[in-house]
Amino acid sequence: LCTRKSLKTFRTFRTFKSLNMLPTIALIYDFDGTLAPGNMQEFGLLQSIGYPNPNDFWDLCDRIAKTNDAGGISVVMYAIQAEAQRAGIRCTRDMLRHFGKMVQFFPGVIEWFDKINAYATQIGIEVKHYINSSGVKEMVEGCAIAHEFEQIYACTYLYDSNGDACWPSVVVDYTKKTQFIFKINKGIREVSDRVRINEFVPTAERPVPFERMIYFGDGETDVPCMRTVKSNGGHSFAVY
């Protein structure tokens, strides 16, 4: 349809093309329950550290969290490390990436990226994919689709001189996830950045405006991100 809005959009794309640039769309995904069924730790990791029934591990985490009035995500990070040590298994980057390779995905996920990238090229835009997850970054890095992502924001560990996990370095909960939305908005890759994330940047100068974001999530930790993106002109999809 030849409307004022369509002509304005065409002029915008023509301007980007003349500058050898394409407008960027950010597709931002939760991981567990969104791209893969269940939790990533259930594809072999929990079984290897003594939990053939993963529900027993999650029950343990719930008990620890309630007893100590602790955050659920940090407790999961602790319990993976502690139970691996108890089982005589070293919790290293390579170990976590190994179990990341075992993660299986919902039907169509593997093929999705080539399809949506091709469609984006067809209509004259650039798509960048991001993970924003309360899962384990090292496991995502080992999975079959890790190469598709511009950046993976997720929980990760500090490692000692022997390469063993010794402390959570990043714990991603409800509010931390929204911080990563703003990092994408401002083009900040580093999790450790505490300066630029709080600096004022005019909307027109931000690499990925909120209205060019699409957020995919399935759980309660995704609600603040969905609200942030949607209330600023972007779109959110809930995976059921």
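Residues numbered from 1 in each chain as written. Predicted model: local features only at pLDDT ≥ 70, side-chain atom pairs only at ≥ 80, totals over all residues. Heavy atoms only, no water.

Asker: How should the pairing of strand S5 (residues 213-217) be read in this particular structure?
Answerer: Residues in a regular strand point their side chains to alternate faces of the sheet. The element S5 is largely enclosed, with a buried count of four among its five residues. Here strand S1 (residues 24-29) runs beside S5; their pairing, made up of four bridges, is parallel. Note on S5: the bridge partner recorded for Ala26 is Met213. In this structure, S5 lies alongside strand S6 (residues 235-238), joined through four bridges in parallel fashion. Residue Tyr215 lies in a different strand from S6, and its bridge partner there is Ser236. Read from S5 through helix H9 (residues 223-231) to S6, the crossover connection turns out right-handed. (Buried < 20%, exposed > 50% of the residue type's maximum accessible area, 1.4 Å probe, protein only. Helix = DSSP H or I, 4+ residues; strand = E, 2+ residues; numbered from the N terminus. Pairing = 2+ DSSP bridges. Right-handed = clockwise from strand over helix to strand, strands pointing away.)

Asker: In this structure, what is going on with the packing of helix H8 (residues 174-186) against H9? I would like to understand it.
Answerer: The N-to-C vectors of H8 and H9 enclose an angle of 35°; their axes lie 8 Å apart at closest approach. Crossing handedness for the pair H8 and H9: right-handed. Residues Tyr174, Lys177, Thr178, Ile181 and Phe182 of H8 form the contact with H9, whose own contacting residues are Pro224, Cys225, Thr228 and Val229. Of the residues assigned to the contact of H8 with H9, the class counts are six nonpolar, two polar and one charged. (Axes fitted to C-alpha atoms, helices over the stretch in contact; angles between N-to-C directions. Left-handed = near helix turned anticlockwise from the far one by under 90°. Contact = heavy atoms within 4.5 Å. Nonpolar A, V, L, I, M, F, W, Y, C, P; charged D, E, K, R; others polar.)

Asker: For this particular structure, what's the right way to read the packing of aromatic side chains?
Answerer: Remark: the centre distance and the inter-plane angle together describe each pair of aromatic rings, the angle taken between the planes. Per the stated rule, a full pass over the model turns up 12 aromatic pairs. Cluster of aromatic residues (ring-pair linked, three or more members): Tyr29, Trp112, Phe113, Phe149, Phe216 and Phe237. (Phe/Tyr/Trp six-rings, centres within 6.5 Å; stacked < 30°, edge-to-face > 60°.)

Asker: Explanation requested: the sheet that holds strand S2 (residues 126-136) in the structure shown.
Answerer: Through backbone hydrogen bonds, the strands of a sheet pair up, either in parallel or in antiparallel fashion. As summarised here, the arrangement of the six strands in space is S4-S3-S2-S1-S5-S6, forming an open sheet in which the pairing is mixed. At either margin of the open sheet sits one strand with a lone partner, and together these are strand S4 (165-170) and S6. The mean inter-strand angle of the sheet, taken between neighbouring strand axes irrespective of direction, is 25°. Helix H6 (residues 109-123) contacts S1, S2 and S5 of the sheet and is inclined by roughly 150° relative to S2. In this fold H8 packs onto S1, S2, strand S3 (151-159), S4 and S5, with an angle of close to 160° to the strand it touches most, S2.

These results come straight from atomic positions and should not be treated as a statement about function.
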